[in-house]
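Summary of the model geometry
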Amino acid sequence: MYTLGELADRLDLALSGDAQRHITGLAALPEAGAGDLAFIADRKYLQQLARTRAGAVILHPRFAEQCPVDYLTCELPYLAFARASQLFDNSPRQAPGVHPGATVSPDAQLDASVSIGPHAVVEPGAVIAPGVVIGAGAYLGHNSRLGEGTRVFPSVVIYHDVHLGRNCVVHSQAVLGADGFGFARAERGWEKICQLGGVRIGHGVEIGAGTTVDRGTLGHTVIEDGVIIDNQVQVAHNCRIGENTAIAGCTGLAGSTVIGANCTLAGGVGVVGHVEICDNVHVTGMSMVTRSITEPGSYSSGTPMSRTRDWKRNAVRFSQLDAIHRRLAAIEQQPD
Amino acid sequence: MYTLGELADRLDLALSGDAQRHITGLAALPEAGAGDLAFIADRKYLQQLARTRAGAVILHPRFAEQCPVDYLTCELPYLAFARASQLFDNSPRQAPGVHPGATVSPDAQLDASVSIGPHAVVEPGAVIAPGVVIGAGAYLGHNSRLGEGTRVFPSVVIYHDVHLGRNCVVHSQAVLGADGFGFARAERGWEKICQLGGVRIGHGVEIGAGTTVDRGTLGHTVIEDGVIIDNQVQVAHNCRIGENTAIAGCTGLAGSTVIGANCTLAGGVGVVGHVEICDNVHVTGMSMVTRSITEPGSYSSGTPMSRTRDWKRNAVRFSQLDAIHRRLAAIEQQPD
Amino acid sequence: MYTLGELADRLDLALSGDAQRHITGLAALPEAGAGDLAFIADRKYLQQLARTRAGAVILHPRFAEQCPVDYLTCELPYLAFARASQLFDNSPRQAPGVHPGATVSPDAQLDASVSIGPHAVVEPGAVIAPGVVIGAGAYLGHNSRLGEGTRVFPSVVIYHDVHLGRNCVVHSQAVLGADGFGFARAERGWEKICQLGGVRIGHGVEIGAGTTVDRGTLGHTVIEDGVIIDNQVQVAHNCRIGENTAIAGCTGLAGSTVIGANCTLAGGVGVVGHVEICDNVHVTGMSMVTRSITEPGSYSSGTPMSRTRDWKRNAVRFSQLDAIHRRLAAIEQQPD
């Protein structure tokens, strides 16, 4: 619990209202009660603001007049809300120490401050920095490394030779360092290409539940500082993802793809192998990136949703598009 | 093993044939032998019916004349087959009791009838109702709850503050309650928005292998009674899925999506965030739902499959569609 | 470490250069140093070849003249590189024997040579052949079988009645044998169809991280010899995948799909249920296979990527395609 004054202080916000008001939690504008702090970050919620019963609201000064309750102002209210959420974080903390049910190699290096949950496994040569938390049943392979303050949730699997920097978060069922999909055609069938590289992940990277990041074939798969990756994303061998890029759920990157810094890939995007996307590119949902992108901006593919019966008629015509084009050209060339 | 008479009784079907016939299993029409019960639920399998060697067949009375063997009739033969499958279910049952290799907090509440497998973890404050089965290596977080008869398969991870109702099934590697993908842009990079809500799942919900359901940011992610979700589906923070809706594999729902009751989403569908889909909507495979749907019916997007060489020609023309339209309009406006 | 002469011998390559040269590893042409073996398999890397500092290069004889260093020639240099990668594989090997922290049923059959990691579980009736490696925390269900030399990585879940042949590899978080998505519409909601079949997987099959292969409803889901499957692929109940077919990441196959031998499905492909794809078919990335394919060749769907602002204009016209077609036809039928 905080007073409104304490929150203004800690979040560096300008307070208008009762500094002694007790705030016990965060809530959305329509649900917030007298003990809650709410926020508004978009003008489309102004009607919700007008009716809110929140104890206080974080907002931009330009909305202050329309706020019926106490408020805290700043230039970036959504960012302030993010920081407020960290103050009210009530998620359970795993007890420090190595759980007696864990299996930790004597040849691993562990700082005394780490927490390792029951049934977790740490292999020889692993290096675990101060403040690291490894959840129940997680696996850390040979010679892999977790930087200070990194948190690995239950049942994550990290193969050998995978390094994560400081303050990373890896959610359950993620797999870091499984073999890339590398095979050569043999006289009959496929010959496996052993994946001899590792994975290198920077600082402050978040990796969602069920996401897979394959190890490199030769050389490493690389994820730079500040990258955030949602659930069920597939990052193939030898990809490189630039600083602060965000990748939403169900996106797949094929092998050796290079993505620049500060990009945003929406959900369900696919990127073919061996292409490069420059910095500051946005790709809209379920688009397929089939070639390199060399200029910042927003890119898309796909077709719009419609009633299935209408869609079917139009979809048939898609298969005739080239013919339609040629018929049109023929008419254009007719003498008047 | 049942006699045909017993099956007719238990499944409430009308029997035509030998009530003493022994039925030892279920099989498809072409493979079924004298001890097997088969079914036909679609007229396209009538030829298979005519040739079947099954001991008996479940069918609609209108197909009875074409059945060369004993049969059991009802109005909904596929539903009767489903119920028959439950009689012949031979899947192994986990022994009751807490396996000595499990790690169960003394501060969790467990009914005496529960079964907890080896290497499973149950955290403080968890509440586990009668008849619950938790598979090997599964994880149940702080204050999470499993209703009567719910079954959690090996290696499922359920974070804290996730409630499931009665008779749910959660398949392996599913993750319930991982953090939603919530970040605010900071001056540089991203600031994490702690995900303070939980997950609330109703009764009779089935969740497939590798499916992820994120916890809410503020307030809960909600899945209502009777929802069935296939493998590798992603349900983002603060989604709400209405009663008896079915979601096929590899579908992704972005944040705060609301889906009505009795909808069916085919495989690989994507739904953008903050849209609402009303009751009784069907979305065909791999479609992208980019806006709210307010009328029941079937919706689609995408283009039809063709030979790659044909597809390439047409795909190029897609990029010229607006120009084609304008050229056509110009011709239409020419005086005759 | 090998000498170049030893490598030529073991890989059956023709050596041009110093047979006593020491090779300590593999590297790509641009990064390779004097102790590294590199390869070139495509003419587009000839410039990298010209500048390489590798100790030696595997290449086709037609590129030999352009190689500035020692080389090893053969007809299929990429295949030779794959075989070389196996010589330099340095991935850690799990110690043989049953780890004391594993939970292995006395009613399972284990060859003395198997390796079972900590916290793994083996249920009654399981049969584990010589040389099998089961990783930490993996689960092998009742009556399931692993053939000689098969390797199961940490945290894989294999349900009951799933058979794998010899020399398979299953990566972490894969799930083999979870219930297929089978439900019949009931008077209200859905009735579960118990999935009574199993999974049958041939020899030399590789299954990627997070991939799910459901058990059959009646009869088995079947994956034939030599199939390779990447990460996060969904194989639904009663699919059959033919010999040596390759399936890239994030692809989904709906129920009862039959795929022939020697097919290649690129990433993110979807295949609807109950269709058949013949042998030697290639499907390009993110395509949707909506009907059976009866002739070998390459197939595609989707639209090309463009700038979002251009895409929007063209996408609107997609919804008018049938009308455009009709307008064009009307013009064509006008008398001149």
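Here, residues in each chain are numbered from 1, in the same order as that chain's written sequence. For naming, the first written chain is A and the first written ligand is 1, with later ones following in the order written. Totals for whole chains, interfaces and linings use every residue, but because this is a predicted model, local features are given only for residues with pLDDT of at least 70 and side-chain atom pairs only at 80 or more, for both listing and counting. Only hydrogens and water are set aside when side-chain values are computed; all heavy atoms of the structure are taken into account.

Regarding unusual backbone geometry
All names here are of chain B. Here is the rule we go by: Where helices and strands are cited, they refer to DSSP runs of H or I of at least four residues and of E of at least two residues respectively, numbered from the N terminus. To sort residues, take the accessible area from a 1.4 Å probe on protein chains only and compare it with the maximum for the residue type: under 20% means buried, over 50% means exposed, and anything in between is partly exposed.
A positive phi angle, close to 65°, is found at asparagine 143, a residue other than glycine. Looking at the secondary structure, you find asparagine 143 in the loop between strand S15 (139-140) and strand S16 (145-146). In this model, aspartate 161 sits at a positive phi of 55°, which is unusual for a non-glycine residue. Mapping aspartate 161 onto the fold places it in the loop between strand S18 (157-158) and strand S19 (162-164). Given the relative accessible area of 21%, aspartate 161 is considered partly exposed.

Topic: the sheet that holds strand S10 (residues 109-110) of chain A
Residue and element names in this part refer to chain A. How we decide: Whether two strands pair depends on DSSP finding at least two bridges between them.
With parallel pairing, the nine strands of this open sheet are ordered in space as S10-S13-S16-S19-S24-S27-S30-S33-S36. Two strands lie at the open edges of the sheet, namely S10 and strand S36 (276-277), each paired on one side alone. Sheet topology places strand S13 (residues 127-128) next to strand S16 (residues 145-146); two bridges connect them, and they run parallel. Bridge pairing in S16 links isoleucine 128 to leucine 146.

Quick notes on the interface of chain C and chain A
For an interface, size is often stated in terms of accessible area lost upon the parts coming together. Definition in use: Working rule for contacts: check all heavy atoms of both residues, and any pair within 4.5 Å makes them a contact. Here's the idea: put two parts together, see how much 1.4 Å probe accessible area each one loses, and the total over both is what we call buried area. Salt bridge, as used here, is a side-chain nitrogen of Lys or Arg placed within 4 Å of a carboxyl oxygen of Asp or Glu. As used in this structure description, the phrase polar contact means that two N or O atoms lie within 3.5 Å; if the pair is within protein, one of them must be able to donate a hydrogen and the other to accept it, and residues adjacent in sequence are counted only when both atoms belong to side chains.
Taken together, the contact between chain C and chain A spans 66 residues of the former and 77 residues of the latter. Across the interface of chain C and chain A, roughly 5900 Å² is buried in total on both sides, 61% from carbon and sulfur atoms. The largest contributions to the chain C side of the interface with chain A come from C:Met305, C:Arg307 and C:Phe318, which together make up 13% of the buried area. Linking chain C with chain A are eight salt bridges, by the criterion used here. Applying the counting criterion to the chain C and chain A interface returns 37 residue pairs in polar contact (both at pLDDT 80 or more). For the side of chain C that touches chain A, the secondary structure elements donating two or more residues are helix H3 (77-87), strand S28 (228-229), strand S31 (246-247), strand S40 (306-307), helix H4 (308-318) and helix H5 (321-332) of chain C.

Examining the state of the cysteines
Quick reminder of the rule: Here, a disulfide means two cysteine sulfur atoms that sit within 2.5 Å of each other.
According to the stated counting rule, one finds zero disulfides over all chains in the structure shown. There is no disulfide at A:Cys194, and the cysteine sulfur nearest it, in C:Cys168, is 16 Å away. On the accessibility criterion, A:Cys194 (9% relative accessible area) is buried.

Considerations on the relation of the copies chain A and chain B
We apply this condition: For the least-squares superposition of copies, only C-alpha atoms count, and only for residues with pLDDT at least 70 in both.
If you rotate chain A by 120° and push it 0.0 Å along the axis, it lands on chain B with an RMSD of 0.0 Å. The superposition operator between the copies reduces to a three-fold rotation axis.

So, the interface of chain A and chain B
The partner chain B presents 77 residues to the 65 residues of chain A that form the contact. Considering only the surface of chain A that becomes buried against chain B, A:Met305, A:Arg307 and A:Phe318 emerge as the three largest contributors, covering 13% of it. A:Asp322 is paired through a salt bridge with B:Arg317; the nearest N and O atoms lie 2.7 Å apart. Taken together, the connections running from chain A to chain B amount to 36 residue pairs in polar contact (both at pLDDT 80 or more). Contributing elements (two or more residues each) for the side of chain A that touches chain B: helix H3 (77-87), strand S28 (228-229), strand S31 (246-247), strand S40 (306-307), helix H4 (308-318) and helix H5 (321-332) of chain A.

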